Amino acid sequence: MKHKIIILAIAFSILSCNKEDLYTAIPETYPAVQAQFGNSIDLNNLANYSNQTIPAYITKDNGGLNPINNKGATLGRVLFYDKKLSVNNTISCSSCHKQEFAFGDNNVASTGVNETTGRHSMRLINTRFSTESKFFWDERATTLEMQTTMPIRDHGEMGFSGTNGDLSFNDLITKLSAVNYYKELFKFVYGTEEITETKIQFALAQFVRSIQSFDSKYDVGRAAAPNDGINFNNFTAQENQGKNLFLTPPNFNATGVRIGGGLGCAGCHRAPEFDIDPNSRNNGIIGRIFGTGGIDVTNTRSPSLRDLVKIDGTPNGPMMHTGGIATLQNVIGHYGTINLAPGNNNLDPRLLPGGFGQQLNLTATEVNAVIAFLKTLTGTNVYTDTKWANPFN
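Residues numbered from 1 in each chain as written. Predicted model: local features only at pLDDT ≥ 70, side-chain atom pairs only at ≥ 80, totals over all residues. Heavy atoms only, no water.

Student: Is there a simple way to explain the overall build of the protein in this structure?
Tutor: The helix and strand tally for the protein stands at twelve helices and four strands. Overall, the C-alpha framework of the protein stretches about 100 × 55 × 30 Å when taken along its three principal axes. Relative to its 393 residues, the protein shows a buried fraction of 51%. Of all intrachain contacts in the protein linking residues separated by at least 6 positions in sequence, the fraction that spans at least 24 positions is 64%. (Helix = DSSP H or I, 4+ residues; strand = E, 2+ residues; numbered from the N terminus. Buried < 20%, exposed > 50% of the residue type's maximum accessible area, 1.4 Å probe, protein only. Contact = heavy atoms within 4.5 Å.)

Student: Would you take a moment to explain the side chain of Asp 228 for this structure?
Tutor: Checked against the element boundaries, Asp 228 lands in the loop between helix H9 (217-223) and helix H10 (237-247). Residue classification places Asp 228 among the buried positions, given a relative accessible area of 12%. Among the polar contacts made by the side chain of Asp 228, one reaches the side chain of Arg 222 at a distance of 3.4 Å. If we ignore the near neighbours within four places in the chain, the residues touching Asp 228 are Tyr 218, Arg 222, Lys 243, Leu 247, Ala 271 and Pro 272. (Polar contact = N/O pair within 3.5 Å; in protein donor to acceptor, adjacent residues only side chain to side chain.)

Student: For this particular structure, what's the right way to read the nonpolar core?
Tutor: Most often, soluble globular proteins have nonpolar side chains that are buried together. Leu 79, Phe 80, Tyr 181 and Tyr 182 are the most contacted members of the largest nonpolar core, which totals 51 residues. Counting residues per element, the ones that place at least two in this core are helix H3 (31-37), helix H4 (70-81), helix H6 (169-177), helix H7 (180-190) and helix H8 (197-210). Setting aside residues no more than four positions away along its own chain, Phe 80 makes contact with Ser 92, Cys 93, Ser 94, His 97, Phe 103, Leu 124, Leu 204, Phe 207 and Val 208. With 27 residues, the next largest nonpolar core counts Tyr 218, Ala 225, Ile 285 and Leu 374 among its residues. (Core = buried A, V, L, I, M, F, W, Y, C linked by side-chain atoms within 4.5 Å.)

Student: Would you explain the packing of aromatic side chains in this entry?
Tutor: The relative placement of two aromatic rings is captured by the distance of their centres and the angle of their planes. Inspection of the entire model under this criterion finds 21 aromatic pairs. A ring pair is formed by Tyr 218 and Phe 274, whose centres lie 5.1 Å apart and whose planes are at 80°; its orientation type is edge-to-face. You can see Tyr 218 sitting in helix H9 and its partner Phe 274 sitting in the loop between strand E3 (269-270) and strand E4 (275-276), a full 56 residues away along the chain. Classification of Phe 274 as buried rests on a relative accessible area of 1%. Among the aromatic residues, those joined into a ring-pair cluster are Phe 37, Tyr 181, Tyr 182, Phe 186, Tyr 190 and Phe 392. For the cation-ring pair, Lys 71 lies above Phe 188, with the distance from its terminal atom to the ring centre recorded as 4.7 Å. The ring of Phe 232 carries Lys 243 above its face, with NZ or CZ at 4.4 Å from the centroid. (Phe/Tyr/Trp six-rings, centres within 6.5 Å; stacked < 30°, edge-to-face > 60°. Lys NZ or Arg CZ within 6 Å of the ring centre and 35° of its normal.)

Student: Would you take a moment to explain the pattern of salt bridges for this structure?
Tutor: It is possible for side chains of opposite charge to pair when their charged atoms get near one another. Scanning all chains against the criterion turns up 19 salt bridges. Among the ionic pairs, Arg 140 bridges to Asp 138, the shortest N-O distance being 3.1 Å. Look at Arg 140 and you get partly exposed, because its relative accessible area is 41%. A relative accessible area of 22% places Asp 138 in the partly exposed class. (Salt bridge = Lys/Arg side-chain N within 4 Å of Asp/Glu carboxyl O.)

Student: What is the right way to look at H4 in this model?
Tutor: Since the α-helix packs 3.6 residues into each turn, any two residues three or four apart lie on the same face. Taking 1.5 Å of rise per residue, the twelve residues of H4 would be expected to cover 16 Å, and the 17 Å separating its terminal C-alpha atoms lies within 8% of that figure. Counted residue by residue, H4 has ten buried out of twelve residues, so it is predominantly covered. Of all the positions in H4, only Gly 72, Ala 73, Thr 74, Leu 75, Gly 76, Arg 77, Val 78, Leu 79, Phe 80 and Tyr 81 are classed as buried. Its buried side turned inward, H4 meets H3, H6, H7 and H8. The N-cap residue of H4 is Asn 69: its side-chain oxygen and the backbone nitrogen of Lys 71 are 3.1 Å apart. (Expected span 1.5 Å × (residues − 1).)

Student: Any chance you could explain the state of the cysteines here in plain terms?
Tutor: Two cysteines form a disulfide when their sulfur atoms are joined by a covalent bond. What the rule picks out here adds up to zero disulfides. Lacking any disulfide linkage, Cys 96 is separated from the closest cysteine sulfur, that of Cys 93, by 8.4 Å. Given the relative accessible area of 9%, Cys 96 is considered buried. (Disulfide = S-S within 2.5 Å.)

Student: How should the packing of H4 against H8 be read in this particular structure?
Tutor: The relative placement of two packed helices is expressed as an angle between their axes plus a distance between the axes. Direction vectors running N to C along H4 and H8 enclose 95°, while the axes themselves pass 7 Å from each other. What the angle tells us is that H4 and H8 run roughly perpendicular. Where H4 abuts H8, its residues Gly 72, Ala 73, Leu 75, Gly 76, Arg 77, Leu 79, Phe 80 and Tyr 81 lie against Ile 200, Ala 203, Leu 204, Gln 206, Phe 207 and Val 208. Classifying every residue of the contact of H4 with H8 gives ten nonpolar, three polar and one charged. (Axes fitted to C-alpha atoms, helices over the stretch in contact; angles between N-to-C directions. Parallel < 35°, antiparallel > 145°, perpendicular 65-115°, else oblique. Nonpolar A, V, L, I, M, F, W, Y, C, P; charged D, E, K, R; others polar.)

Student: What should I look at first to understand the environment of Thr 163 in this one?
Tutor: Its location among the elements puts Thr 163 in the loop between helix H5 (144-149) and H6. Overall, the relative accessible area of 41% leaves Thr 163 in the partly exposed class. Through-space distance from the C-alpha of Thr 163 to that of Val 87 is 13 Å; in sequence the pair is 76 residues apart. In terms of polar contacts, Thr 163 uses its side chain to reach the side chain of Ser 161, at 2.9 Å.

Student: How do you make sense of H7 when you look at a structure like this?
Tutor: Taken together, the buried positions of H7 are occupied by Tyr 181, Tyr 182, Glu 184, Leu 185, Phe 186, Phe 188 and Val 189. Positive backbone phi, at 85°, marks Gly 191, one or two positions downstream of H7.

Student: In this structure, what is going on with the pairing of strand E2 (residues 258-261)? I would like to understand it.
Tutor: The side chains of a regular strand alternate, residue by residue, between the two faces of the sheet. As judged from the three bridges shared by strand E1 (residues 250-252) and E2, these two strands associate in the antiparallel manner. In the sheet register, Phe 252 faces E2, and the bridge partner there is Arg 258. Between the end of E1 and the start of E2, which pair antiparallel, lie five residues, with Gly 256 showing a positive phi angle near 85°. (Pairing = 2+ DSSP bridges.)

Student: Hey, could you run me through unusual backbone geometry in this one?
Tutor: Trans is the common state for peptide bonds, and a negative phi is the common state for residues other than glycine. For the bond from Ala 271 to Pro 272, the omega torsion is 5°, close enough to zero to count as cis. Turning to its location among the elements, Pro 272 is positioned in the loop between E3 and E4. Within the chain, Asp 307 stands out as a residue other than glycine whose phi angle is a positive 55°. Checked against the element boundaries, Asp 307 lands in the loop between E4 and helix H11 (328-336). With a phi close to 55°, Asn 361 is a non-glycine residue in the positive phi region.

Right, here's the structure in full:
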């Protein structure tokens, strides 16, 4: 009788537990995920993607329709790094967006399964924290969700185009559906093993939006200041000068020559997120990545200016959609003298004071100060945090 009472007490205790208690007491097992990823991914102890610290002065957020959750972002991380998403298992999203380069590319043009890409790969830092919700340099993707599978569907990039003799996206879904760790992951995230393009898009977008960088020297100074306009106590005199030049609009004479004020960079690259103004137009660079085939005036987007350079101050790869500018000094030099190229009917009017291409009349001291300021926008954690790292390693 005594033993029966003990058994009944244990049974009652188990039945009275809520689901969360049982989940904690008896962790689920995911043998395929464990076999593939080992300690890189633990579905019973997820990395924190959804509740990261965001500074109070950061107010722009374009991810409201697909909020980040730890499950979805974990699946997105696997998809982001998985070469199975290419037709010949050689290319992943991370092939063009590398963590060590702030999720950008150190190559001018990335190599796809059939050819090189048509534009330099854009850095993915802080994509969530911008007003602009369109993606690609020419904004042809209206959302990040749409953007995530367009390279997969591209003949040159990842090869599931369904054209030119390529397999289709449905063939990719069939391919992934046969992978045991995806069976576990999609059921873990969505409650069913079924894979759809929408589920892939939502998970990839959550992972990409989770990649954030707010631990820079700039952020330390901004957190202690009421606004961007005052000098930051942790900045050098040169860095504060560069910040003021970046933020302050220039004064021009009647022929577009700067005669006072700052450089006005913030007119398009808006602090404190340093995101691109959605109304920005072409910045005067109209070449194509291979230098042939006429001009390209459709490029109107840019990534955040955060983490333009690595921790050591060297660039995170070449800049602009052509990958044709290698140094911050040359970037500033481009904006210092805007030439009116024939055929560019989409040049941003802010670069055309009085109808003339702007001439900023920069001094070496001003150039060096702006470079010093831009370097303060680089953080450290984004380059090393394992939750954004390759889980296949």
